[in-house]
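# Residue-level structural notes
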Amino acid sequence: MLLLMFLSLPSLITALCEDGWTGYQASGSCYKVLPQQLTWEEARNKCAGLATNSRIASIHNRDENEFVIENLLKDYNGYSGFWLGATDIDNEGKWVWADGSRVNYLDWHPNEPNNYNDDQDCAEWRKWPSDDFFKWNDAKCTEKNPAVCKMPAMSCGSGWTEDPRTGSCYKILNQNLKWEDARVGCEQLARNSKLAIISSLEENNFVIQELLMKTNLNDGYWMGANDIQNEDTWVWVDGTEVQFTAWQVNEPNNFKDAIGDEDCAMWRRWSSTSSFQWNDAPCDGRYGYFPAVCQISA
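The shown structure was predicted, so the numbers you read here are calculated from the model rather than taken from an experiment. (Residues numbered from 1 in each chain as written. Predicted model: local features only at pLDDT ≥ 70, side-chain atom pairs only at ≥ 80, totals over all residues. Heavy atoms only, no water.)

As for its position among the elements, Arg 62 is in helix α2 (residues 62-71). Along the sequence, Arg 62 and Thr 215 sit 153 residues apart, while their C-alpha atoms lie 45 Å from each other. (Helix = DSSP H or I, 4+ residues; strand = E, 2+ residues; numbered from the N terminus.)

Dropping the structure here:
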């Protein structure tokens with residue numbers, strides 16, 4: 001099961017993580033606490049066994065360090081130490097990360113690391129009672145602590161299709177809906193999800209080839225363009241002006257009937273042997289209810 005993990009800090013945008021992991025967009029990573037009491041080596045192995053590319057955590061800047069402390073460590077009352085992935089067991093004084101990444105940030109407590117008794121070769125977050133905050137400390141590797149694991153965030157969740165050129169993700173909302181209901185439905189799928197916004201021929205072709213043609217669910221799919229507010233001024237659901245278009249010949253024609261006109265855009269296929277082109281259609285579904293293409297922009 002995949003979830004979007006929403007962070008409480010307003011300045012942070014979420015990263016997509018497996019259930020039980022906490023995502024941090026700035027690092028493009030997901031984090032998880034192993035609450036068991038483990039030696040450093042046990043923690044390293046358990047983190048590696050959680051998922052592909054999961055490792056005992058490496059930390060590369062102050063913001064990432066503070067994120068882990070504020071969003072993970074402080075939730076575990078009663079624990080004063082947590083393993084992270086730094087060690088100098090192979091070369092005293094030369095600290096390396098277990099995941100092989102470059103050591104470009106350190107946050108040692110004053111007078112640490114001190115290699116007490118010549119036997120402290122593994123790094124931990126340690127909260128000193130006198131300070132009541134977490135700083136790094138070198139500790140004996142055979143001591144037992146919980147640990148923090150880290151893995152790369154996923155660009156797309158289950159059921160979403162990623163465009164490798166842009167990193168954006170797309171998903172068909174497979175319900176027959178009016179345009180407005182499709183707009184709301186896309187926004188409810190995930191944070192930052194919306195009816196699709198198409199910016200280039202390459203993106204349009206990707207959606208057609210990788211979603212519409214492969215799923216072959218319907219001959220029409222809503223997208224996020226409309227001219228509801230101002231006839232012939234097409235805008236996307238995020239308010240930006242429509243620049244790229246791929247209208248069918250003689251579209252948009254704003255075909256009117258006794259009820260109203262055509263103010264919402266969709267991909268439309270006029271026959272089973274034709275490709276999808278853009279068409280304007282009544283937003284209220286009086287000519288039919290359709291599925292939609294939703295998008296999470298990179």
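Having put the structure on the table, let's press on.
Take the nonpolar core next. Counting 24 residues, the largest nonpolar core has Ile 198, Leu 212, Trp 236, Trp 267, Trp 278 and Val 293 as its most contacted members. Mapped by element, the contributors of at least two residues to this core are β12 (169-177), α4 (201-215), β14 (220-226) and β16 (264-268). For Leu 212, the contacting residues outside a window of four places in its chain are Ile 172, Val 207, Tyr 221, Trp 267, Phe 276 and Val 293. Counting 22 residues, the second largest nonpolar core, distinct from the first, contains Val 33, Leu 72, Leu 84 and Ala 123. (Core = buried A, V, L, I, M, F, W, Y, C linked by side-chain atoms within 4.5 Å. Buried < 20%, exposed > 50% of the residue type's maximum accessible area, 1.4 Å probe, protein only. Contact = heavy atoms within 4.5 Å.)

One can find Ser 54 in the loop between α1 (40-50) and β5 (55-56). Among the polar contacts made by the side chain of Ser 54, one reaches the main-chain carbonyl oxygen of Cys 47 at a distance of 2.5 Å. Ignoring any residue separated from it by four or fewer positions in sequence, one finds Ser 54 in contact with Trp 21, Cys 47, Ala 48, Cys 149, Lys 150 and Met 151. (Polar contact = N/O pair within 3.5 Å; in protein donor to acceptor, adjacent residues only side chain to side chain.)

The next thing to look at is the packing of aromatic side chains. One pass over the full model with this rule turns up 15 aromatic pairs. Summarising the aromatic geometry, the rings of Tyr 105 and Trp 136 are spaced 5.8 Å apart at their centres and angled 90° between planes, so their arrangement reads as edge-to-face. Here Trp 136 lies in strand β9 (residues 134-139) and Tyr 105 lies in the loop between β7 (96-97) and β8 (122-127), a separation of 31 residues in the sequence. By relative accessible area, which is 15% here, Tyr 105 ends up buried. Three or more aromatic residues joined by ring pairs make a cluster, and in this case those are Trp 95, Trp 97, Tyr 105, Trp 108 and Trp 136. (Phe/Tyr/Trp six-rings, centres within 6.5 Å; stacked < 30°, edge-to-face > 60°.)

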